[in-house]
Amino acid sequence: MPVQTVRTTAEMQQRSEALRMSGKRIALVPTMGFLHEGHLSLMREAKARADVVVVSIFVNPTQFGPKEDLSRYPRDLEGDLSKCESVGVDVVFAPADPKEMYPDGYQTWVEVTDVSKGLCGEKRPGHFRGVATVVAKLFNIVRPYLALFGEKDYQQLQVIKALARDLNFGIEIVGMPTVRDPDGLAMSSRNAYLSPSERERALALSRGLRTAHHLARNGVREVRELVQAVRKELEAAQVREDYVEVVDAETLRSLTTIEPGRPARVLVAGFLGTTRLIDNLAL
Ligand code: PAF
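Peer 1: Help me out: how do you make sense of the pattern of salt bridges in this one?
Peer 2: Pairs can form between side chains of opposite charge whenever their charged atoms are close. Under the criterion given, the structure shown has 20 salt bridges. Taking the shortest distance from any N to any O, the salt bridge between Arg 143 and Glu 17 comes out at 3.2 Å. Taken as a pair, Arg 143 in the loop between α6 (127–142) and β5 (146–150) and Glu 17 in helix α1 (residues 9–21) lie far apart in primary sequence, 126 residues in all. Connected via shared salt-bridge partners are Glu 45, Arg 49 and Glu 172.

Peer 1: Teacher, can you tell me more about the environment of Arg 231 here?
Peer 2: Residue placement: Arg 231 occurs in helix α9 (residues 223–236). Assessed through its relative accessible area of 27%, Arg 231 is described here as partly exposed. The sequence separation of Arg 231 and Leu 205 amounts to 26 residues, and the corresponding C-alpha distance is 9.1 Å. Excluding residues that lie within four positions of it along the chain, Arg 231 makes contacts with Glu 241 and Val 244.

Peer 1: Even after reading the chapter, I still don't get the packing of aromatic side chains, so can you show me in this structure?
Peer 2: Between two aromatic rings, the relevant description is the distance of the centres plus the angle of the planes. Applying the stated criterion across every chain yields a total of 6 aromatic pairs. Aromatic side chains Tyr 102 and Trp 109 sit 6.1 Å apart centroid to centroid with 20° between the ring planes, which places their arrangement in the stacked category. Its relative accessible area of 34% is what places Trp 109 among the partly exposed residues. What links up through ring pairs into an aromatic cluster is the set Phe 58, Tyr 102, Tyr 106 and Trp 109.

Peer 1: Would you mind going over the site of the ligand with me for this structure?
Peer 2: In the vicinity of the ligand, the contacting residues are Pro 30, Thr 31, Met 32, Asn 60, Gln 63, Val 134, Phe 149 and Gln 156. Here Gln 63 contributes a side-chain N or O atom positioned 2.6 Å from an oxygen atom of the ligand. Contact distances for the ligand include 2.7 Å between an oxygen atom and a side-chain N or O atom of Gln 156. In the complex, the protein chains occlude 88% of the 290 Å² of accessible area that the ligand would expose alone. Taken together, the residues of the shell around the ligand break down into 4 nonpolar, 4 polar and no charged.

Peer 1: What is the right way to look at the sheet that holds strand β6 (residues 172–176) in this model?
Peer 2: Where strands meet in a sheet, backbone hydrogen bonds hold them as pairs that are either parallel or antiparallel. The strand order across the open sheet formed by 6 strands is β1-β4-β3-β2-β5-β6, and the pairing between neighbours is parallel. Only two strands of the sheet have a single partner each, and these edge strands are β1 (4–6) and β6. Sheet twist, expressed as the average angle between the axes of neighbouring strands with direction ignored, equals 25°. Against the sheet, α6 engages β2 (26–31), β3 (52–57), β4 (91–93), β5 and β6, with an angle of about 150° to β2. Sheet contacts for helix α7 (residues 154–166): β5 and β6; angle to β6, the most-contacted strand, approximately 170°.

Conventions used here
Residues numbered from 1 in each chain as written. Predicted model: local features only at pLDDT ≥ 70, side-chain atom pairs only at ≥ 80, totals over all residues. Heavy atoms only, no water. Salt bridge = Lys/Arg side-chain N within 4 Å of Asp/Glu carboxyl O. Helix = DSSP H or I, 4+ residues; strand = E, 2+ residues; numbered from the N terminus. Buried < 20%, exposed > 50% of the residue type's maximum accessible area, 1.4 Å probe, protein only. Contact = heavy atoms within 4.5 Å. Phe/Tyr/Trp six-rings, centres within 6.5 Å; stacked < 30°, edge-to-face > 60°. Near = heavy atom within 4 Å. Polar contact = N/O pair within 3.5 Å; in protein donor to acceptor, adjacent residues only side chain to side chain. Areas by Shrake-Rupley, 256 points an atom, 1.4 Å probe, with all protein chains shown as cover. Nonpolar A, V, L, I, M, F, W, Y, C, P; charged D, E, K, R; others polar. Pairing = 2+ DSSP bridges. Axes fitted to C-alpha atoms, helices over the stretch in contact; angles between N-to-C directions.

Below you can see the structure in the form of structure tokens.
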């Protein structure tokens, strides 16, 4: 079956309502498009777990800061539709205009407090407010019973888990492992910005995380030492650090030592030229 494209919020709401009335369970994969294998892995999992898979494609303006890459964010709706079709997605909700989501007079915002602090929340003020707001809107428009997100955006995943829980959406939030290129680079739509030499240098992020993981596995408990190992890789590749941190995997609070039985995560953000990339790994 060819994928169906829905361009208005009103039509998407009507369709979701009809699907629910006929007893169909919807899985939602929210995206900003320019789809890659990471997104497709979410869609395949969604397909295995639900009757109907809805993918949203919307470059959400409210999660970009004034100096960020909203205007140049890569877009390819035609290509995205054929990728969705290739994995059996049923409906693509691609609002025709940002005003579909934020009509004139729009004034309601969703804020998740604790887990939005620090890391990307500190470096990108307002980012998670924009994410939480658009995801809450998508949940209400599509009314899924399950929604899937990649662990590459680890802080985002924790924000959305808190959002779904605290606002009683009754939606299961599924986090899926980061998909990587064979050389270790985490897949991201923003990788499209990288020149060949920047792409080579960008490998320092995943290499640094793997080194930290290896050290932790071999008994290093001091966070300072783990962070230093990641920094060394970034510096050697001339990647400008935005942050390197080791945090509690659930609360995202900074740790000074890692302890057995307390899941920890190492997260990194860095710039290659004007391109900002993030990555993370369980320790
Ligand atoms: O991860 C993304 O692509 C976006 O932040 C999301 C969740 C689709 C919200 O715009």
